[in-house]
Amino acid sequence: MWEHPAAMFPLLMIVFFLGLMGVAIFAGVRQSKRATENLQQLAGTLGLQFNALPRTFGVFNPGTKATGELRGRPVEVYSFATGSGKSRVQWCAVGVPAPASGALTFHLQRQGFGTRFMEVFGAKEIQVGDPKFDRDWFIQTSQPEYFAAALLPEVREKISELVRELGGHARGMEFKLDQGMVRYAEMGGFSSNDVCKRCAQAAEIVCDLADVAEACAGTKAGA
């Protein structure tokens, strides 16, 4: 018996909805697989151990990370999230422990709308005396004089090269020392080849900044 098209509409909607769900699940599983493979390759590039955790329904486990040593320092490549619900943001990071003396904290962010908004509400930045670097980066620190002097030209050049060569589409790129950890982080997931390339290059910079923190802690201890 022929059915009126209107009677078939609910069934077509169900089929369409299930089809969309299937595509989304397939894309998510594929992306998660790529994230796992990319992080494993990144671990190999940096000479780290890849610590994979089981995926649930094919989804990348956020506890999966790479750990080991770089330049004699413990290093960890991992992911974390901020916010919740629709405001949830995924980040990828490279972290190196630094002396937790509390003498030095710093935060380098790319200049932009967000930093201008921060300035409106009283956030203060420092200048390091390099016009281009000062124009590109919003720098906050608890030790302005020390950090401006310690952020040597070769370190600034590594940071600038990271942006120049690989950072064209990076979101939320930052270097930070807080609670005894120097960290590079950016928004995104390890399924992105570009994110992994930046993390590999940023690992050296994080170690340089950990040296800066260690030197500050030694100075304070010996003061």
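Computed from a predicted structure; not experimentally measured.

Colleague: Break down the pairing of strand 4 (residues 89-97) for me, with residues and values.
Modeller: Bridge analysis of strand 3 (residues 73-82) against strand 4 gives seven bridges, and the strand direction is antiparallel. Bridging from a neighbouring strand, Ser79 pairs with Cys92 of strand 4. The loop that links strand 3 with its antiparallel partner strand 4 comprises six residues; one of these, Gly83, has a positive phi angle of about 75°. Pairing analysis gives seven bridges linking strand 4 to strand 8 (residues 181-187), with the strands arranged antiparallel. By the bridge assignment, Trp91 is partnered in strand 8 with Met187.

Colleague: Can you break down the nonpolar core residue by residue, with the values?
Modeller: Generally speaking, soluble globular proteins have nonpolar side chains that are buried together. Within the largest apolar cluster, 50 residues are counted, with the highest numbers of intra-cluster contacts made by Leu108 and Phe175. The element that contributes the greatest number of residues to this core is helix 6 (residues 193-222), accounting for 13 residues. Apart from residues no more than four positions distant in its own chain, Leu108 is found in contact with Phe133, Trp137, Phe138, Ile139, Phe147, Leu151, Ile159, Met173, Glu174 and Phe175. Listed in part, the five residues of the second largest apolar core include Tyr78, Trp91, Ala93 and Ala185.

Colleague: Any details on the packing of aromatic side chains? Residues and values, ideally.
Modeller: Scanning all chains against the criterion turns up seven aromatic pairs. Between Phe133 and Trp137, the aromatic rings sit 6.1 Å apart at their centres with planes inclined by 25°, giving stacked as the arrangement. Assessed through its relative accessible area of 1%, Trp137 is described here as buried. Lying across the ring of Trp137, Arg110 places its NZ or CZ 5.6 Å from the centre.

Colleague: Outline the pattern of salt bridges, supporting the account with residue identities and numerical values.
Modeller: Counted according to the given criterion, the structure contains twelve salt bridges. A salt bridge links Asp208 to Arg71; the nearest nitrogen and oxygen atoms lie 2.9 Å apart. Note that Asp208 is positioned in helix 6 and Arg71 in the loop between strand 2 (65-70) and strand 3, a separation of 137 residues in sequence. Looking at Arg71, the relative accessible area reads 40%, which means it is partly exposed. Counted as one network, the salt bridges with shared partners bring together Arg71, Arg73, Lys158, Glu204, Asp208, Asp211 and Glu214.

Colleague: Help me get a handle on helix 5 (residues 153-166), residues and values and all.
Modeller: Taking 1.5 Å per residue, 14 residues should reach 20 Å; helix 5 reaches 19 Å between its end C-alpha atoms and fits that length. Taken residue by residue, helix 5 has Val155, Arg156, Ile159, Ser160, Leu162 and Val163 as its buried positions. Relative to the axis of helix 5, the buried residues are bounded by an arc of 145° and lie together on one face.

Colleague: An account of a nonpolar patch on the surface is requested, with residue identities and associated values reported.
Modeller: Where nonpolar side chains cluster on the molecular surface, the patch consists of Phe113, Phe117, Val120 and Phe121 and spans about 540 Å² of accessible area. Residue Phe121 is classed as exposed on the basis of its relative accessible area of 65%.

Colleague: Tell me about the sheet that holds strand 3, and name the residues and values.
Modeller: Strand order in the open sheet formed by eight strands is 1-2-3-4-8-7-5-6, with antiparallel pairing between adjacent strands. If you trace the sheet from one side to the other, it starts and ends with strand 1 (49-51) and strand 6 (137-141), each paired once. Each neighbouring strand pair of the sheet contributes to a mean axis angle of 20°, computed without reference to strand direction. In the packing of helix 2 (residues 113-120) onto the sheet, contacts are made with strand 5 (106-110) and strand 6, and the angle to strand 6 comes to roughly 45°. Contacts from helix 5 reach strand 5, strand 6, strand 7 (171-178) and strand 8 within the one sheet, and its direction differs from that of strand 7 by about 160°.

Colleague: Quick one: what's the story with the environment of Cys216, residue by residue and with numbers?
Modeller: Within the element layout of this structure, Cys216 appears in helix 6. A sequence separation of 113 residues divides Cys216 from Ala103, and the C-alpha atoms of the two residues are 7.2 Å apart. Beyond its immediate sequence surroundings of up to four residues, Cys216 is in contact with Ala103, Leu104 and Tyr146.

Colleague: Can you break down the side chain of Thr64 residue by residue, with the values?
Modeller: Position of Thr64 relative to the elements: it lies in the loop between strand 1 and strand 2. Overall, the relative accessible area of 1% leaves Thr64 in the buried class. Residues in contact with Thr64, not counting those within four places in the same chain, are Leu39, Phe50, Asn51, Ala52 and Leu53.

What counts, and at which threshold
Position numbers for residues count from 1 along each chain, tracking the sequence in the order it is written. Side-chain atom pairs in this predicted model are given and counted only at pLDDT of 80 or more, local residue features only at pLDDT of at least 70, and totals for whole chains, interfaces and linings cover all residues. Hydrogens are left out, water is left out, and the side-chain values use all remaining heavy atoms of the structure. A pair of strands counts as paired when DSSP detects no fewer than two bridges linking them. Think of it this way: any DSSP run of H or I at least four residues long counts as a helix, any run of E at least two long counts as a strand, and we number them from the N terminus. By convention a nonpolar core is built from buried Ala, Val, Leu, Ile, Met, Phe, Trp, Tyr and Cys residues, the set being connected through side-chain atoms within 4.5 Å. Relative accessible area decides the class of each residue, using a 1.4 Å probe on protein chains only: under 20% of the type maximum gives buried, over 50% gives exposed, and in between gives partly exposed. Working rule for contacts: check all heavy atoms of both residues, and any pair within 4.5 Å makes them a contact. By convention, a stacked pair of Phe, Tyr or Trp rings (six-membered ring in the case of Trp) has centres within 6.5 Å and planes under 30 degrees apart, an edge-to-face pair has planes over 60 apart, and any other such pair is tilted. Either the NZ atom of lysine or the CZ atom of arginine qualifies as a charge over a ring when it sits within 6 Å of the ring centre and within 35 degrees of the ring normal. Each reported salt bridge corresponds to a side-chain nitrogen of Lys or Arg within 4 Å of a carboxyl oxygen of Asp or Glu. How far a helix is expected to stretch is found by multiplying one less than its residue total by 1.5 Å. Here the arc refers to the set of directions running from the helix axis out to each C-beta atom. For patch building, the residue pool is restricted to those with more than 30% relative accessible area and no salt bridge; the joining distance is 9 Å between like charges and 5 Å between nonpolar side chains (Val, Leu, Ile, Met, Phe, Trp, Tyr). Using a 1.4 Å probe, the Shrake-Rupley method yields the accessible areas, and only the shown protein chains count as cover for residues. To get an axis, fit a line to the C-alpha atoms, keeping to the stretch in contact for a helix; angles then go from 0 to 180 degrees between the N-to-C directions.

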